[in-house]
Structure formats: C-alpha cells, structure tokens
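# Reading the structure
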Amino acid sequence: MARRIALSVLALITALLAITGVPLGLITAHEDRKDFRAEAIAAATTLADVAEEQLGDHARGPALARSVRELSRGGDQISVYDAAGTRIGGTTAVPAAPAGALRAALAGAPMRVYPAPDRLIVVSAVRADGGRGALGTVVLSRPAEVLDHRLDVLWAWLVAVLIGGLLAAAAISAALARWVSRPLAELETAARHLGDGALDTRAAGHEGPQEVRRLAANFNLMAARLQALMHGHQAMMADVSHQLRTPLAALRLRLDVLAQDGDAAMAEELAGAQEEIARLGRMVNGLLAVARAENVTTQPVQVAVDAVLRDRVAAWRPAAEEREVTLTAPGLEPAAARLGAGHLEQIIDNLLANALDAVPAGGTVRVSAQAAGGRTAITVADDGPGMSAQQQRTAFRRF
C-alpha cells in the first residue's frame, strides 16, 4: 500500500509539473523569439534613421559608422545601400540579402523580416523626411546564437526546476506513504497477534491520519471487550469443570460401594453406570484442560520434529507391544517446525493413543515426517478399520 500511495502522489505531482512547466517554457521561448525579432527590427529602424541623415543631406559625419560599429560588436552584419544599389557602408562581413529584397525596399515595400535557420535578416528602406521615395536600403543580419543560448539556458533552468520538483515530490510522497501505511501495518500486526490468541495486544493509535487513529481506537476497544469476554468464558468453564469433578468422584465412590454389596445383575448395571461416569469425567477433564490451554498464549519455538517423534515412539512402544501392535518410525529425516513448547508431544500422544485403540492385534502404526516447501508434514498411519464419513465430519470437534 505504501508503494501505491507513493507512486500515486508522485504521478500526480509529475503530471502537475509537466502541465505547468512545459507550457511555461514554450510561452517564455515564444516571447524570447518575439523580443529577438523586435530588437532586430528596432536596430534596423534606428540604423535606417541614421542612414537617412547621411543619404538625404549628403553628409559625411561619423554617426552611421559609429552605429554600425556598435551593432557589429553584438555580432550583427550590416550593409547600407544608396538608391542606386551601391553599397556605401557597413561591416566587413556582408549579409546575404534575399533575392529581390533590395529592389522591393527601394520600390517602397515596407520593412521585411526574413528568418533563416541560424540568423534573422531585416531589410528596411531608408526614407527621406516627408516620404519622398526611398533614399537607400539597410540590410541587418543578426545571428541567432544569442537567442539559442537564451533558450538553452531557459530550458536548462526549467528542467532543473522540474527535476528538483520531482525529487521534492518523491520525498513528500514517501513521507506521506510512511505516515499513512506505518500505523496501518502496525494495526495489521496487532490484528494478527490478536487472532493468534494474544488477547492483550493493542494497536498504537497516536500516529497517522485521524481516520487511522480512530480505527486503532476502535480496534483496541474491540480487543479489550474480546479479552474480557474470553477471560470470563474461560474462568466460567474452568470453574464449572473443577466443581463438577467433586460430585462425579463422590458418585463413583457410591457406585463402587453399591457394586460390592449387590448381586451380579446389579453389579453389571453399576459397571455400565461407572463407565458413563468415567466418560463424563474425561469430558470434564477435557473441559478443564481446554480452559487452561486457552488461558495461556505460548510463544512459538523451534522444535526438532524428528527428535520429538523418536522420543514419543520410544515411549509408546511398550504399550504397542503389550497390544501386539508394531509401532515404527522408519527413516526419519531431520525436520523442524515452530510451535508452542510441548504442543507437538501432546498431539503425537493423542494420535498414537487413538491409533493403538483402533488397530487390532497384529496391526502396524507408522510415524513419519517430511520437510517440504518451508513446512513439515507429520503422518501417523495405521492399518486399522478407518473412519466412517460421519466420523470424519465430526473428528475435529472438541471431545
């Protein structure tokens, strides 16, 4: 979830930066091109005004040469022509005017701008005061290197700003994802521990958004109520089970006394009653054992499964031999599992006791274990009569 939140926020901020940054760069670049064109036109107009003074008055002052020198320092190439098309001034490097541009300017055409891949050419007519025809023509060629440099700097700054924004967005999205997902992960861990039986588990409800804190508070309230209910249930079951043992023991003693003084028929009936009392006693002991077991949560530990199986098989082998049943554990391979201390011994004892009760004389009980895929499969197999479908459906109910 943290990754999804971070990617979603990062994608949103990236889209916002792209939507705002790219149009801003395009608009700024367009304005720079307009400024570049306007500056070139203004320079050509100023130069035409200066040239008009010289061509109109036939003066030989330094104003035109000075203007040409100032513009040439910025890389401009300039040519000034009179009405006959003779070049009368300009820079050493002569700009290449488009074909027909000079004739069109002398014929009265307005100022023309001719964009080229690496420069901008402006052709302006030099007009006399009062508009009496064209005295000459000014051709100004301005290189686009300065504009290209400005645009490169603009896009470099824009890319740097976008990268910085993306890095900031990544940091913000990661922090936001941690802020939201960390309390949820802690809540998930608490729910898992509660499901495992740790009823005193509580979630930390002081971090994250307000909704997550309310969820943690409701979880803690639920866990507290569940703990109270479970403790009350376990205490009641343990108390009832413990209290029932005393009258059952007294009833069994009374039946023993009656069996001693009665005849054979009464003794047989009393023996049946004692078996029912014994069965009821086992159920009460089971209830008491369940109440005690559910009241304690043990931490899983690493258990050597093969060693436990060998130990329990050795402990039950005398009982199996007494019933003429073969109890074996052939080829046990090293295997391990994590579970509560003593739980595996209790499980194996129950399975072996059931198997020995079900297998007739001459039968076999085999115990094996196999580790596969991070798990350990334990098998207690016998050649007894098996279980009916009804018995299989009720096999895992209590008692």
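All of these numbers come straight from a predicted model, not from anything done at the bench.

### Section: the sheet that holds strand β1 (residues 77-82)
Strand order in the open sheet formed by 5 strands is β2-β1-β5-β4-β3, with antiparallel pairing between adjacent strands. Every interior strand has two partners, whereas the edge strands, β2 (87-90) and β3 (112-115), have only one. Each strand axis lies, on average, 15° off the axis of its neighbour in the sheet, ignoring direction. Running over the sheet, helix α2 (residues 63-73) touches β1, β2 and β5 (134-143) and is turned about 155° from β1.

### Topic: unusual backbone geometry
Of note in this structure, glutamate 324 is not a glycine but carries a positive phi near 60°. Among the secondary structure elements, glutamate 324 is positioned in the loop between α7 (305-322) and β7 (326-328). For glutamate 324, a relative accessible area of 57% gives the class exposed.

### Considerations on the nonpolar core
Counting residues in each nonpolar core, the largest one holds 24 residues, and the members touching the most others are Leu47, Leu64, Ile78 and Val138. Mapped onto this core, the elements with two or more residues apiece are α1 (2-57), α2, β1, β4 (119-127), β5 and α4 (145-195). Among the elements that make up this core, the one with the highest residue count is α1 (10 residues). Contacts of leucine 47, omitting those with residues within four sequence positions, involve Leu64, Ser67, Val68, Leu71, Ile78 and Val138.

### Some details on a negative patch on the surface
A contiguous patch of negative charge, built from Asp118, Glu145, Asp148 and Asp152, is present on the exposed surface. Along the chain, aspartate 118 falls in the loop between β3 and β4. Owing to a relative accessible area of 45%, aspartate 118 belongs among the partly exposed residues under this scheme.

### What to know about the confidence of the model for the protein chain
Taken over all residues, the pLDDT of the protein chain has a mean of 81, while the share at 70 or more is 93%. Per-element confidence in the protein chain ranges from a low mean pLDDT of 73 for helix α6 (residues 264-294) to a high of 92 for β7.

### Quick word on the pairing of β4
For β4, the tally of buried residues reaches 7 of 9 residues, placing the bulk of the element in the interior. Bridging between β3 and β4 involves 4 bridges; their strand directions are antiparallel. Its bridge partner being in β4, arginine 112 is matched across the sheet by valine 123. Connecting β3 to the antiparallel partner β4 that follows it, the hairpin turn spans 3 residues. Of the pairings in the sheet, the one linking β4 to β5 comprises 9 bridges and is antiparallel in character. Residue valine 123 lies in a different strand from β5, and its bridge partner there is valine 139.

### Let's talk about the sheet that holds strand β9 (residues 364-372)
One open sheet accounts for 3 strands, arranged β7-β9-β10; its pairing is mixed. Both outer strands of the open sheet, β7 and β10 (375-382), are each paired with one neighbouring strand and no more. Strand-to-strand twist of the sheet, defined as the mean angle between neighbouring strand axes without regard to direction, takes the value 15°. Where helix α8 (residues 343-358) meets the sheet, its contacts fall on β7, β9 and β10, and the angle it forms with β10 comes to roughly 20°.

### Some thoughts on α8
Under the 1.5 Å per step criterion, the end-to-end length of α8 is 23 Å for 16 residues, consistent within 8% with the ideal 22 Å. Inspection of α8 places Leu344, Ile348, Asp349, Leu352, Ala355 and Leu356 among the buried residues, and these make up the whole buried set. All buried residues of α8 project into a common sector of 135° when viewed along the axis, lining one side. Summarising the geometry of α8, the exposed residues directed more than 90 degrees from the buried face are Asn354 and Asp357. The inward-facing, buried residues of α8 abut β6 (301-304), α7, β7, β8 (336-339), β9 and β10.

### Section: α4
Between its first and last C-alpha atoms α4 spans 72 Å; for 51 residues at 1.5 Å apiece the expected length is 75 Å, and the two agree. Looking one or two residues past α4, glycine 197 carries a phi angle of roughly 110°, positive in sign.

### Topic: the environment of leucine 352
Positionally, leucine 352 belongs in helix α8. Linking leucine 352 and alanine 381, residues 29 residues apart in sequence, is a C-alpha distance of 9.4 Å. The contacts of leucine 352, once residues within four sequence positions are left out, are Arg312, Trp316, Leu327, Val365, Val367 and Val380.

Definitions and cut-offs
- Each chain carries its own residue numbering, running from 1 in the direction its sequence is written.
- Side-chain atom pairs in this predicted model are given and counted only at pLDDT of 80 or more, local residue features only at pLDDT of at least 70, and totals for whole chains, interfaces and linings cover all residues.
- Think of the side-chain values as coming from all heavy atoms in the structure, minus any hydrogens and water.
- Pairs of strands are assigned from DSSP output, requiring at least two bridges between the strands.
- Each helix corresponds to a stretch of at least 4 residues labelled H or I by DSSP, and each strand to a stretch of at least 2 residues labelled E; elements are numbered beginning at the N terminus.
- Orientation is described by axes fitted as lines to C-alpha atoms, over the contacting stretch for helices, and by angles from 0 to 180 degrees between their N-to-C directions.
- Here, two residues are considered to be in contact whenever any of their heavy atoms come within 4.5 Å of each other.
- Burial classes follow relative accessibility: with a 1.4 Å probe on protein chains only, a residue under 20% of its type's maximum area counts as buried, one over 50% as exposed, and anything between as partly exposed.
- What makes a nonpolar core is a set of buried Ala, Val, Leu, Ile, Met, Phe, Trp, Tyr and Cys residues whose side-chain atoms join them at distances within 4.5 Å.
- Each patch is assembled from residues with relative accessible area greater than 30% and no salt bridge, linking like charges that lie within 9 Å and nonpolar side chains (Val, Leu, Ile, Met, Phe, Trp, Tyr) that lie within 5 Å.
- Surface exposure here means Shrake-Rupley accessible area, sampled with a 1.4 Å probe, where a residue is shielded only by the protein chains that are shown.
- Note on definitions: salt bridges are taken to be side-chain nitrogens of Lys or Arg within 4 Å of carboxyl oxygens of Asp or Glu.
- Just so you know, the count uses Lys and Arg for positive and Asp and Glu for negative, and it drops His and the chain ends.
- By convention, charge coordinates are those of NZ in Lys, CZ in Arg, CG in Asp, or CD in Glu.
- Each residue carries a pLDDT value, the predictor's own confidence for that position, ranging from 0 to 100.
- Multiplying 1.5 Å by the helix residue count minus one yields the expected span of that helix.
- By definition, the arc is the one covered by directions from the helix axis to the C-beta atoms.

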